Amino acid sequence: MSEDAPETEIIEVPKVEPKQPTTVIDPERLQELKDIANRLRLHAIRSTQASKSGHPTSCSSIADILAVLFFNVMRLDMNEPRNPASDRLVLSKGHAAPILYAAWAEAGLFPTDELLNLRKIDSDLEGHPTPRLNFIDVGTGSLGQGVAVASGMAYIGKNIDKSDYRTYCIVGDGESAEGSIWESLNFASFYNLDNLCVIFDVNRLGQSDPTQLQHNMDVYEKRLDAFGFNAIVVDGHNIEELMNAFDNAANTKGKPTAVIAKTFKGKGFPGIENEENWHGKPLGDKACEAIRKLEYAIVNRSPCPVALTPKSNDGMTVPEVNIDNVKLSNPPSYKLGEQVATRVAYGKALAKMAEGCDRVIALDGDTKNSTYSEKLKQQFPERFIECYIAEQNLVGVTIGAMCRNRTIAFASTFAAFLTRAFDQVRMGAISQTNANFCGSHCGVSIGEDGPSQMALEDIAMFRAIPGSTVFYPSDAVSCERAVELAANTPGICFIRTSRPSTAVIYKNEEVFQVGIGKVIKQSRKDKVLLVGAGITLYECLSAAADLEKIGIKVRVVDPFTIKPLDAGLIMANARACGGRIIVVEDHYQEGGLGEAVLSALALERDVEVKHLYVPHVPRSGPPTVLIDKFGISARHIIEAVSNYMECRCTSNLED
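Conventions we followed
Residues numbered from 1 in each chain as written. Predicted model: local features only at pLDDT ≥ 70, side-chain atom pairs only at ≥ 80, totals over all residues. Heavy atoms only, no water. UniProt positions renumbered as here; feature names shortened; annotations may be inferred. Helix = DSSP H or I, 4+ residues; strand = E, 2+ residues; numbered from the N terminus. Rg over C-alpha atoms; globule rule 2.2 N^0.38 Å. Contact = heavy atoms within 4.5 Å. Areas by Shrake-Rupley, 256 points an atom, 1.4 Å probe, with all protein chains shown as cover. Lys, Arg positive; Asp, Glu negative; His and termini not counted. Charge placed at Lys NZ, Arg CZ, Asp CG, Glu CD. Salt bridge = Lys/Arg side-chain N within 4 Å of Asp/Glu carboxyl O. Buried < 20%, exposed > 50% of the residue type's maximum accessible area, 1.4 Å probe, protein only. Domains from an automatic or database assignment. Buried area = accessible area lost by both parts, 1.4 Å probe. Polar contact = N/O pair within 3.5 Å; in protein donor to acceptor, adjacent residues only side chain to side chain. Pairing = 2+ DSSP bridges. Right-handed = clockwise from strand over helix to strand, strands pointing away. Core = buried A, V, L, I, M, F, W, Y, C linked by side-chain atoms within 4.5 Å. Axes fitted to C-alpha atoms, helices over the stretch in contact; angles between N-to-C directions. Expected span 1.5 Å × (residues − 1).

The name given to the chain in an unreviewed UniProt entry is transketolase, with the source organism recorded as Bactrocera dorsalis. The record in UniProt for the chain states the following under Sequence similarities (unreviewed entry): "Belongs to the transketolase family." According to the UniProt record, the Subunit (unreviewed entry) comment for the chain reads "Homodimer."

Okay, structure coming up:
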């Protein structure tokens, strides 16, 4: 990045020793929790046997952890599982979904018989958790992402809601090899999220081999301590140790807690416990023996006692939040022809949205002085989250921040850098998030920084996300309105902003809608339709002006949103121009504006589309030189129009 990084204030937090738990643990309660853990194991066996697939061994290693969390620690509302005042749990190791479902069923949310519908096509008890279930906040299963989401939840709880709900996240030891986990642990420690407890299920075995550290617990402890966590090593199958650890976590101030649980994969399964080659497999003909052993170990054979139910969230409160129909605090105020970069207008719009709604927040990856998200920070520093150069965590925290409708979050960085977080964005769609992303510095028009900084794949990436909306505003007015629309549009939204300044072409009172484009220039004698967005819209307008001087009139359309595309507008205007279309974009050929137009018109007859795009990896240079060198300047547009005219004349002569 060419811009200088902003200075960072170093926050020093005094180390606070955790209070030692003083609770005397009732032996009868200990046994009840042991019993419920084994009942959870039984459910995991039976449900995966019924589905003939699943991960019962991965479930078994966290049975005791879930028993203590659900029936001794977490404060829940069984009538409203996603009550915003309740504690949160993110199962980052999402393949252990069957035992999470079992915990909710044993807690009384739904009948335990339904667990036998695991993985069936007509059941929402899917192979990995998704928010189709009313007790799941986010989809998990693509490993390495849960801590980021949980950190986002915890950050909002501590700093925005200022509530006492806590967030728990269960991480597999195999997935702790993911760098994204450590990005998120660093984030949680930096922001002193003492309302976050990350539980590491160290069961030693991965999918195909033992994990890197296996049961080397002191290394886990040293690493987590070095990352600023209150690190507690426990026997993950010892109920008393788990109870004490969670009590310790709740009483630790100034830092998050990591409970590092030594467990065994397939705990309680004869001939399977701690053995390799049992990942992701039902127990098959070994199920009966395991069931007999677990049933024999249960002391209280009756259904879950009334005393052993989740704690209520009574007395826990959060502020009332209204994030519907949020508007800019005042409309755009630009002069026609004024030169303003859309990235600058994005920052202005963020600040205006925040003025009108105290739940609008911004997140950035240390590019706030380039994306201009700093404009929100300057006015509302308490609602700005600096995620530093860790884009995967940036996206995950954004998704967590929006859970349970607590905020309207906008995350921004260079559009090129969002590509490294594609999996997080993809999982955000599975999680039914309404997160908003802004990618600046798109295309070759950024200039001298060169191809590593140029987003030329970003439209393709976000178009591929199911349910997404892709905004590509071309001037300051449309950009401010894009931000306003994104705040109120369901699903993932992406706003593509440009580095160069562009002229204001819309009046301040212009109305914009998702999926509705604009005709910028037209006449009754137009011969070709030009479609451009961002800087290429201006190249189209420049080409149109030059063509008009030689007697050729062309029409120009601004699509505003690439997804959904206003196919009707483009088709109607293409017909008015004899079916001739030229699409120009600062993007690679694959997946961008051109392919959106081609896809929309695929079944239309008598339409010809020429596509101008960046044909290969570009290089450094002045923006205007690069735009021309890579074939998307007004000169190339004029050439393409001229070719159309020559073809038409040739065709007429042949006729």
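1. Points about the overall build of the chain
When helices and strands are counted, the chain shows 22 helices and 21 strands. Relative to the 2.2 N^0.38 estimate, which gives 26 Å for 655 residues, the radius of gyration of the chain is 28 Å and therefore close to what a compact globule would have. Overall size of the chain, expressed as C-alpha extent along the three principal axes, is 95 × 55 × 40 Å. Intrachain contacts of the chain at a sequence separation of at least 6 include 80% that bridge at least 24 residues. Of the roughly 25,600 Å² that the chain leaves accessible, carbon and sulfur atoms contribute 48%. Each charge class in the chain was averaged separately, 68 positive and 83 negative side chains, and the resulting centres sit 3 Å apart.

2. Quick look at the pattern of salt bridges
Overall, the coordinates contain 26 salt bridges when judged by the stated rule. The salt bridge involving Asp194 is made with Lys158; its shortest N-O contact spans 3.5 Å. One end of the pair, Asp194, is in the loop between helix 6 (179-190) and strand 4 (196-202); the other, Lys158, is in helix 5 (residues 146-160), with 36 residues separating them in the sequence. Two residues, Glu548 and Lys521, come together in a salt bridge whose shortest N-O distance is 3.4 Å. Of this pair, Glu548 sits in helix 18 (residues 535-549) while Lys521 sits in strand 16 (residues 518-521), and the two are 27 residues apart along the sequence. Judged by relative accessible area, Glu548 falls into the partly exposed class, the value being 36%. Residues joined in a network through salt bridges with shared partners are Asp161, Arg359 and Arg406.

3. Some remarks on the domain arrangement of the chain
According to the domain assignment, the chain contains domain 1 (27-297), domain 2 (338-504) and domain 3 (518-647). Here domain 2 and domain 3 have C-alpha centroids that lie 26 Å from each other. Between domain 2 and domain 3, the residue contacts involve 37 residues of the former and 32 residues of the latter. Taking both partners together, domain 2 and domain 3 bury about 2,500 Å²; carbon and sulfur atoms supply 62% of that area.

4. Side note on the environment of Lys553
By the element assignment, Lys553 lies in the loop between helix 18 and strand 18 (554-558). Given a relative accessible area of 25%, Lys553 falls into the partly exposed group. Remark: the alpha-carbon pair of Lys553 and Leu529, spanning 24 residues in sequence, is separated by 9.5 Å. In terms of polar contacts, Lys553 uses its side chain to reach the side chain of Glu548, at 2.8 Å.

5. As for the pairing of strand 5 (residues 230-235)
As paired elements, strand 5 and strand 6 (residues 257-262) share 6 bridges and run parallel to each other. Considered in strand 6, the bridge of Asp235 is made with Lys262. For the crossover from strand 5 across helix 8 (residues 239-250) to strand 6, the handedness is right-handed.

6. Concerning the nonpolar core
Leu185, Phe200, Leu224, Leu363, Phe437 and Phe462 are the most contacted members of the largest nonpolar core, which totals 85 residues. At 8 residues, helix 5 tops the list of elements feeding residues into this core. Setting aside residues no more than four positions away along its own chain, Leu363 makes contact with Ile385, Cys387, Leu394, Val397, Thr398, Ala409, Phe410, Ala411 and Ser412. Leu30, Cys59, Val68 and Leu242 belong to the second-largest nonpolar core, a separate cluster that totals 53 residues.

7. Notes on the side chain of Thr561
Along the chain, the position of Thr561 falls in strand 19 (residues 561-563). Among the polar contacts listed, one links the side chain of Thr561 to the backbone oxygen of Pro564, at a separation of 2.7 Å. In this structure, Thr561 is in contact with Val470, Phe471, Val514, Gly515 and Ile516, ignoring residues within four places of it in sequence.

8. Here's the deal with the pairing of strand 11 (residues 408-414)
Within a regular strand, side chains alternate between the sheet's two faces. The buried fraction of strand 11 is high, at 7 of 7 residues. Of the pairings in the sheet, the one linking strand 9 (residues 360-364) to strand 11 comprises 5 bridges and is parallel in character. If you follow Asp364 over to strand 11, its bridge partner there is Ser412. The pairing of strand 11 with strand 12 (residues 436-440) spans 5 bridges and is parallel. Bridging from a neighbouring strand, Thr413 pairs with Gly439 of strand 12.

9. A closer look at the sheet that holds strand 3 (residues 167-172)
The 5 strands lie next to each other as 2-3-4-6-5, forming an open sheet whose pairing is parallel. Among the strands making up the open sheet, the edge pair consists of strand 2 (88-91) and strand 5. With direction set aside, neighbouring strand axes in the sheet form an average angle of 20°. Examined bridge by bridge, strand 4 and strand 6 share 6 bridges and lie parallel to one another. The residue of strand 6 that forms the bridge with Val202 is Lys262. Running at roughly 170° to strand 3, helix 5 makes contact with strand 2, strand 3 and strand 4 of the sheet.

10. Quick word on helix 10 (residues 342-356)
A rise of 1.5 Å per residue sets the reference length of helix 10, with its 15 residues, at 21 Å; its end C-alpha atoms lie 21 Å apart and thus fit the reference within 8%. Among the 15 residues that make up helix 10, 12 are buried, leaving the element largely enclosed by the rest of the structure. Taken together, the buried positions of helix 10 are occupied by Thr342, Arg343, Val344, Ala345, Tyr346, Gly347, Ala349, Leu350, Ala351, Lys352, Met353 and Ala354.

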